[in-house]
Structures are given as structure tokens and as C-alpha cells.
There are 2 protein chains.
Amino acid sequence: MLDDTVRNEAYRAAICDNPNIFAGKTVLDVGTGTGFLAILCAKAGASRVYAIEASDMAELATVTVHENDVADKVQVIQNKIENVELPEKVDIIVSEWMGFYLLHESMIDSVIFARDKFLKPEGVMYPYKCILHSAPSYSPEIFKFWENIAGVKMNTIGQLYRTKYTGKPEIMQIHPNNILSKPLEVFEFNTKDIQQESIRKITKNVQSECHKNGVVNGIALWFDVYFHAGDKPDIVLTTAPVMSPLQLTHWKQTVIILPFEKTVEKSEKFHYNLDISKSAKNPRHYNIELNILDPDEQSAMSTSEDKSREEFHVHHNDDSEYDEYNSGSDDNN
Amino acid sequence: MLDDTVRNEAYRAAICDNPNIFAGKTVLDVGTGTGFLAILCAKAGASRVYAIEASDMAELATVTVHENDVADKVQVIQNKIENVELPEKVDIIVSEWMGFYLLHESMIDSVIFARDKFLKPEGVMYPYKCILHSAPSYSPEIFKFWENIAGVKMNTIGQLYRTKYTGKPEIMQIHPNNILSKPLEVFEFNTKDIQQESIRKITKNVQSECHKNGVVNGIALWFDVYFHAGDKPDIVLTTAPVMSPLQLTHWKQTVIILPFEKTVEKSEKFHYNLDISKSAKNPRHYNIELNILDPDEQSAMSTSEDKSREEFHVHHNDDSEYDEYNSGSDDNN
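Every chain is numbered on its own, with residues counted from 1 as its sequence reads. All chains are assigned letters beginning at A, and all ligands numbers beginning at 1, according to the order in which they are written. Local features in this predicted model are restricted to residues of pLDDT 70 or higher, and side-chain atom pairs are both shown and tallied only at a pLDDT of 80 or more, whereas totals for entire chains, interfaces and linings draw on every residue. Based on all heavy atoms of the structure, the side-chain values leave hydrogens and waters out of the count.

## Topic: the packing of aromatic side chains
Any two rings among Phe, Tyr and Trp, with Trp reduced to its six-membered ring, count as a pair given centres within 6.5 Å; such a pair is stacked if its planes are under 30 degrees apart, edge-to-face if over 60, and tilted if neither. Per the stated rule, a full pass over the model turns up 16 aromatic pairs over all chains. Here Y126 of chain A and F227 of chain A contribute two aromatic rings whose centre-to-centre distance is 5.8 Å and whose plane-to-plane angle is 45 degrees, an arrangement assigned as tilted. Of this pair, Y126 of chain A sits in strand 5 (residues 119-126) while F227 of chain A sits in strand 10 (residues 214-227), and the two are 101 residues apart along the sequence. For each residue, the accessible area found with a 1.4 Å probe, counting protein chains only, is set against the maximum for its type, and the residue is called buried under 20%, exposed over 50%, and partly exposed in between. Owing to a relative accessible area of 1%, Y126 of chain A belongs among the buried residues under this scheme. A centroid spacing of 6.0 Å and a plane angle of 5 degrees characterise the contact between F187 of chain B and F189 of chain B, whose relative ring orientation is stacked. Given the relative accessible area of 10%, F187 of chain B is considered buried. Pairwise contacts between aromatic rings join Y11, F22, Y126 and F227 of chain A into one cluster. Criterion for a charge above a ring: Arg CZ or Lys NZ at most 6 Å from the ring centre, at most 35 degrees from the ring normal. The ring of Y226 of chain A carries K129 of chain A above its face, with NZ or CZ at 4.3 Å from the centroid. Where helices and strands are cited, they refer to DSSP runs of H or I of at least four residues and of E of at least two residues respectively, numbered from the N terminus.

## Looking at the interface of chain B and chain A
Contacts are assigned to residue pairs that have any heavy atoms within 4.5 Å of one another. Each partner contributes residues to the interface: chain B has 43 residues there, and chain A has 43 residues. A simple way to read buried area is as the amount of 1.4 Å-probe accessible surface that goes missing from two parts once joined, with both sides added. When the two sides are added together, the surface that chain B and chain A hide from each other amounts to roughly 3,600 Å², 57% of it contributed by carbon and sulfur. Salt bridges, as used here, are contacts in which a Lys or Arg side-chain nitrogen is within 4 Å of a carboxyl oxygen on Asp or Glu. Scanning the region where chain B abuts chain A turns up zero salt bridges. Counted as a polar contact is a pair of N or O atoms within 3.5 Å, where, for protein atoms, one must be capable of donating a hydrogen and the other of accepting one, and residues adjacent in sequence contribute only when both atoms are in side chains. For the interface between chain B and chain A, the tally reads eight residue pairs in polar contact (both at pLDDT 80 or more). For the side of chain B that touches chain A, the secondary-structure elements that each account for two or more residues are helix 1 (5-16), helix 3 (36-43), helix 4 (57-67) and helix 7 (155-165) of chain B.

## Re the domain arrangement of chain A
Reports of interface size often rely on the accessible area that becomes lost once the parts have come together. Residue and element names in this part refer to chain A. Along its sequence, chain A is organised into domain 1 (5-96) and domain 2 (130-324). Where each domain starts and ends follows an automatic or database-derived domain assignment. Domain 1 and domain 2 are separated by 33 Å when their C-alpha centres are compared. Residue-level contacts link ten residues of domain 1 with 13 residues of domain 2. In total, about 850 Å² of surface goes out of reach between domain 1 and domain 2, with carbon and sulfur atoms giving 73% of it. The interface formed by domain 1 and domain 2 contains zero salt bridges.

## Here we look at the environment of K89 of chain A
Residue and element names in this part refer to chain A. By the secondary structure assignment, K89 is in the loop between strand 3 (74-78) and strand 4 (90-94). Put simply, K89 and Y138 are 49 residues apart on the chain and 48 Å apart in space, counted from C-alpha to C-alpha. In contact with K89, not counting residues within four places along its chain, are T26, D116, K117, F118, L119 and K120. Among the polar contacts made by the side chain of K89, one reaches the main-chain carbonyl oxygen of K117 at a distance of 3.4 Å.

## A short note on the sheet that holds strand 5 (residues 119-126) of chain B
Residue and element names in this part refer to chain B. The pairing criterion for strands is at least two bridges between them, as found by DSSP. Taking strand neighbours across the sheet as the criterion, the five strands line up as 3-2-1-4-5 in an open arrangement whose pairing is parallel. Two strands bound the open sheet, and with one partner strand each, they are strand 3 (74-78) and strand 5. Averaged over all adjacent pairs, the angle separating strand axes in this sheet is 20 degrees, with direction ignored. With five bridges connecting them, strand 2 (residues 48-53) and strand 3 associate as parallel partners. When the sheet's bridge partners are listed, A51 is paired in strand 3 with V76. As a rule, the C-alpha atoms of each element are fitted with a line to give its axis, helices using only the stretch in contact, and angles between N-to-C directions run from 0 to 180 degrees.

## What about the pairing of strand 10 of chain A?
It is a general feature of regular strands that their side chains alternate between the two faces of the sheet. Residue and element names in this part refer to chain A. When you tally the buried positions in strand 10, you get twelve out of 14 residues, the bulk of the element. Examined bridge by bridge, strand 10 and strand 12 (residues 253-264) share seven bridges and lie antiparallel to one another. Each bridged residue has a counterpart across the sheet, and for G218 the counterpart in strand 12 is I257. Taken together, the four bridges between strand 10 and strand 11 (residues 235-238) define a ladder with antiparallel strand orientation. Directly across from V225, in strand 11, lies its bridge partner L237.

## Remarks on the nonpolar core
For this analysis, a nonpolar core means a set of buried residues of the types Ala, Val, Leu, Ile, Met, Phe, Trp, Tyr and Cys, connected via side-chain atoms within 4.5 Å. Membership of the largest hydrophobic core comes to 104 residues, with the highest contact counts inside it found for I15, F22, L28 and L102 of chain B. Looking at this core element by element, the count peaks at seven residues for helix 3 of chain B. If sequence neighbours within four positions are ignored, F22 of chain B has contacts with A14, I15, V27, C41, A44, G45, A46, I92, V94 and Y126 of chain B. The next biggest cluster of nonpolar side chains, apart from the first, holds 103 residues, and it includes A10, Y126, I171 and I292 of chain A.

## A word on the pattern of salt bridges
All names here are of chain A. This structure, assessed with the given rule, holds 24 salt bridges over all chains. A salt bridge links K117 to E85, with the nearest nitrogen and oxygen atoms 3.0 Å apart. Of the two residues, K117 sits in helix 5 (residues 108-118) while E85 sits in the loop between strand 3 and strand 4, which places them 32 residues apart along the sequence.

## Concerning the relation of the copies chain B and chain A
Screw-axis analysis of chain B against chain A gives a translation of 0.0 Å along the axis, an RMSD of 0.0 Å, and a rotation angle of 180 degrees. With respect to symmetry, the two chain copies, as superposed, fit the operation of a two-fold axis. When each C-alpha of chain B is compared by its distance to the rotation axis, P245 of chain B comes out closest, at 6.0 Å. When the interface residues of chain B are mapped onto chain A, 100% of them again lie at the interface, so the same face is used by both copies. A least-squares fit on C-alpha atoms brings the copies together, and the residues used are those whose pLDDT is at least 70 in both copies.

## Comments concerning helix 1 of chain B
Residue and element names in this part refer to chain B. In this model helix 1 runs 15 Å from its N-terminal to its C-terminal C-alpha over twelve residues, within 8% of the 16 Å that 1.5 Å per residue would give. Three or more residues of helix 1 are buried, namely R7, N8, A10, Y11, A13, A14 and I15. The inward-facing, buried residues of helix 1 contact helix 2 (19-22), helix 3, strand 4 (90-94), strand 5, strand 10 (214-227) and strand 11 (235-238). Its side-chain oxygen 3.3 Å from the backbone nitrogen of V6, D4 forms the N-cap of helix 1. Expected helix span is computed as 1.5 Å times (number of residues minus one).

## Here we look at the packing of helix 7 (residues 155-165) of chain A against helix 4 of chain B
Here helix 7 of chain A crosses helix 4 of chain B at 130 degrees, and the two axes come no closer than 8 Å. Looking at the two axes, helix 7 of chain A sits oblique to helix 4 of chain B. Two secondary-structure elements touch here, helix 7 of chain A through N155, T156, I157 and L160 of chain A and helix 4 of chain B through L60, V63, T64 and E67 of chain B. A class-by-class count of the residues in the contact of helix 7 of chain A with helix 4 of chain B yields four nonpolar, three polar and one charged. Any angle that is under 35 degrees is reported as roughly parallel, and any over 145 degrees as roughly antiparallel; angles of 65 to 115 degrees are reported as roughly perpendicular and all others as oblique. Under the scheme applied here, ten amino acids are nonpolar (Ala, Val, Leu, Ile, Met, Phe, Trp, Tyr, Cys and Pro), four are charged (Asp, Glu, Lys and Arg), and all others, including Gly, are polar.

## Let's talk about the sheet that holds strand 2 (residues 48-53) of chain A
Strands belonging to one sheet form pairs held by backbone hydrogen bonds; the direction of such a pair is parallel or antiparallel. All names here are of chain A. Strand order in the open sheet formed by five strands is 3-2-1-4-5, and the pairing between neighbours is parallel. Looking at strand neighbours, the two that pair on one side only are strand 3 and strand 5, the edges of this open sheet. On average, each strand axis in the sheet is inclined to that of its neighbour by 20 degrees, with strand direction left out of account. Packing against the sheet, helix 3 (residues 36-43) makes contact with strand 1 (26-30), strand 2, strand 3 and strand 4, and its axis sits at approximately 180 degrees to strand 2.

## Examining unusual backbone geometry
Residue and element names in this part refer to chain A. That bond from Y126 to P127 is cis: its omega, 0 degrees, falls within 30 degrees of zero. Summarising the element assignment, P127 is placed in the loop between strand 5 and strand 6 (129-137). The backbone of E105 shows a phi angle near 60 degrees, a positive value even though the residue is not glycine. Inspection of the secondary structure puts E105 in the loop between strand 4 and helix 5. Using a relative accessible area of 41% as the deciding quantity, one classes E105 as partly exposed. Even without glycine at this site, S267 takes up a positive phi of about 75 degrees.

See below:
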């Protein structure tokens, strides 16, 4: 993840280009890993940084803190944040806690815990705001690929892959040209006041209008997080679709592949319902349900339990694995 | 693997652009997978194609053969080649059997078996010639990466990765600019006459001369395979270092990372010994031993069992995993 230069640079800019915010302040870094954010905070002038890491990475963080000559300011603590005691409350909490589509395998619960226990009332959260976006999308490589492989048709195999893909969200890069409507918010929250209860189950009717002709075969999700930058504009780390691989983060985009393709025209309505619910089995996992809606009826296109309903309903449960997508990869010919 | 367009196109050109070779001929495809090569042969005019596949992929191959309207010519047989009986000998054997650095997890033994049992004396092998190349190389991203991550030094972590990398060959892309000498052959063989015994253990003294100033921190390996094209020049599928990701195959290059970096100058000699031996435990795996040689002495720089020798000796055994390299990937910060 350290090779995600977009992410690294966003945090670096948010922290190091804002010495007025960090100078002389106490900071808590939740899940410091290699110590990266904690070290940036010390470099930005923080007087004291508590760097919490539950795993053995804490040892590496300690070494790296020394390597960067900030051992007098950064204290690495190997423990779960839930078991940590600090001698004081802190001015700032920094954390890179975001998972796929913001919430999947995220550490937000730990950040909320840390905030409630350790942040001063007037304290600042880094990042402070998060938005999850969504839009209908087209992933030509998933299915079109199989139509012609050096002159050989493999649609049947493509169909098998389609079945596989619709069983779980795909972590993949969507080109901006393959986003078919203006993105709409699924949800937004501030890390300063969000409660765990509020992100247990998120339901959203998304009423998109296509901004061009095309084909929809997925719903793409991505997020932005915002950092305060004093009197300058916020610094935004975005995981939105980008033209260049150089701008791509390791989160890429998350796509819920549909079991069908739908041709759409400019100005056509494309409505859907997203239900993102915390898994009962694993509190860091989420189940996603997607229902494509009839724009005129504002309800699922069919509510009876017949085949047509199933075709417009995608359910991803928490057993899904989040492999990254490699177009048509295969260990065979 | 089907998304390796360089590979697909080389086989397509070798087979379909040579109808004079395939027209009316009988063909055996060893390890057909999805049926890709067998279907190409039928399209090129083969009268009969035996497509052998041991795994359940054979079912997909059968479906794909029908999808391409060549079921009257291609017979898919689900079995190990060693257990197959055919009603006739064949004119041509096609196979895509190559593994990393040609031999690792390759199917060459099965191809040799098939040739000895099923190929007519005047028969043709596709591909017919294979060459393994090697050259001293530089992989800056493996270690240099850790010197400065958005202003944070992580050399200690980089050192840990160096230890990890030198434990096994890395499958990675080497830019042509980071190849420091003219590539030299490690070995070459013709698939028409190679014997299993000849590829049990391959030892080669490689006496490179650097063609520019630079830093060596690895030995890169890659292969070319050749296809007959009648009276036209051979068609060559190369896995050599390439400028563009579009030209890269899924084999990329294999790099034996050294535990040290050596600054070299133009015209400087860089000699090494490669020992590539079939694993006793797994006949499809190979062990690699690399010894950097003193160009003046033509022997290992130190032969005693002291520390200095260990520093110039890399041994990769068959327990090594062949993960693809992602620069600095990490599940933590």
C-alpha cells in the first residue's frame, strides 16, 4: 500500500503543508502500520505523537521512527486501540482507515472509539469528511473480451465469468468515459460526529440520469475523503475514476457487476437502490444489495419472487472475496 | 493468461498465417486448456486436431470448439497425455508449454512424451526452437523506493524486503534501459530433438561485458520461442524486456535479486555462473543457483564457506513461491 503515491501525497500535503495546524499539538495515529503518518505529523511540528499499532508492524514502526529522527516525539505503542491508555487527550487524530468502497474492512470503528476516548472536544479529525459516490458504469473488458480472442470466440467462458463476477463486487479501474451519469452521493459523514450505529446499515435510492448514450453493466462505487487545510481549500483524496494509471489509488473503484447489460440513451433515467449493511458474522465486512428500480414506479421492477426479479437483484454477502480484477486471467490456455 | 495478447497474437500468426503448413494436416495440441490453439489449427485448415486436456477445462474446450464451428475437426480428450491413445500419428504438435524462465512449471516433459509417441518422423513442432537469455540488470524500484516515501525514510523496511526478494526469483518487468549488457544465451534447444535428460541440469558460465555505466542488483532471465513460417522468416514470441506494457507478456521477466548492489562501468566484465536443476521433490520445479564470478579468475570470488562467499551466492529452491512483484505492496501503512 505504501506504493500508492496518490494516497501518500494526499496525506503528506494534508499534514506537512499545514504546520499551523500541527505545530505544538498532540496527535494520535490509529493503526500506524510502518509509522508513516505518525512520522509526517512529527515532521509537521507535532509536540507528541502516539502511534498505535496492534500487529508486529509496530516493531518496524519503531525502527522507522528512529530512522527519521523523530523518536523524541513519536511513541509507538503495540496494542489494540481499545486497550490503550494515554496520559492525555489529543488535539488531532490522524488515520488511514478507509477500505474498499470506504467501509469494507475499514478501521472506522476503531477510529470512532479512539475519538470518543482520546480526542479533546475541540479536537480535529484527519480526514474530517467522507463521501461515497456511485454511478452506473460499463466494464467492456469483463465480457466483450471473450467475444474475440485472436479470432477465437469464447462467449461461453465469458458467460461463466459473468456468473462469477456478479457474485461479488469487483475491485477494478473504471475509465471515466465508462461512467454513464453524473455521480451521486450514497452517503456522507463527518468523522468528528459519526456514530457506529449510523453506519450499521445504509440504504439509498440513487436516481441517476444518463449523460450520454451507452451500455450499463455495473454500478461503480468510490469515495473521497477531505482534510482541513487552515484557510486554504480542503485537501481531497479522491478514489474517483481517473484517466491515468498514475492517478489511480490502490482502492481503484468497486463495481457491482450486473447479470445483464442495458443499453441507455442520453437523459434516460437509471434508478437503483443500494443497501449496504454490516455483516453479522464479521463486523468489518458489509453485505451489499442492489436493486435496479423502474424509474417510473420508484420501486423494484418486479417485487414477486419470479425470475425477472432475480435478474435485477444482486446480493453480495460477506463471504465474498475481494480479489482484484485481472481481465480474463486464467491459468490455462 | 488469455489476456496475454502478445502470446495470443504470436500463436495466431504462427498458425493462421501459415495455411500451407496446416492445410490438411493432423495436429496434436498438448494441454489445450480452453481449446484456443486447437481451434486456431482447425481454422488454419488442419483436417484433424486432437486437443488433450487433463483438467476439467476440457469441458469448456468442448463447448468453445462448438462455439467456433470446428467440432467436426477438433476432438477434445480429457486425459493426461501419458494416458492417451490416438488412432494415428500426427503431422504437427502445437503446445503452449512454457513457464517462467522457460522451464519453471513448464509442460515440456509432456510435450517430449507426446512427440516421442505421436509425432511422425518428418513432423513439425510448434514452437520448434527455444532460447533462454540472461543479462545483469537493475531494479531500482525494489530498494530505491524505500529511501523516500513522501519524505519518510524506510530503508530498514527496504532491507527486510531485500532479504525476502533474494530468497526467490521475482517475476517482474525490467525496463530495457535497466539491462546492463548485451544478453547472452544460457541455453538453446530444439523441441524436435531435446531429451528430458538434457534439461535436468543446465549449467552456464555467462561472461557479460557491461555496455554502459550503471548499477547491477540482479540477473534477469527471459526466453524466446520460434515458429516455422514456411519460406517467410520465423515468427518469434519474445519475452524480452520491452518499453511498453502493451508488449509485455504474462511471463514478464524473471529476476534473481542480488543481496548487494554493484556499480559497474561501460566495458566492465560481469561474469556469473547459473545452475538450473530440476527439483527432486517436484519435477516441474527447478532450483536456481547463481554465483557471481571474478572475471579475472573465472571462478567463484571466494570458494570457502566464509561470509564473503555467501554474499555472492544465491540459491533458490523449489519451495520458492512465484508471486508476482508489486513494488512495496503491503497491507499496512
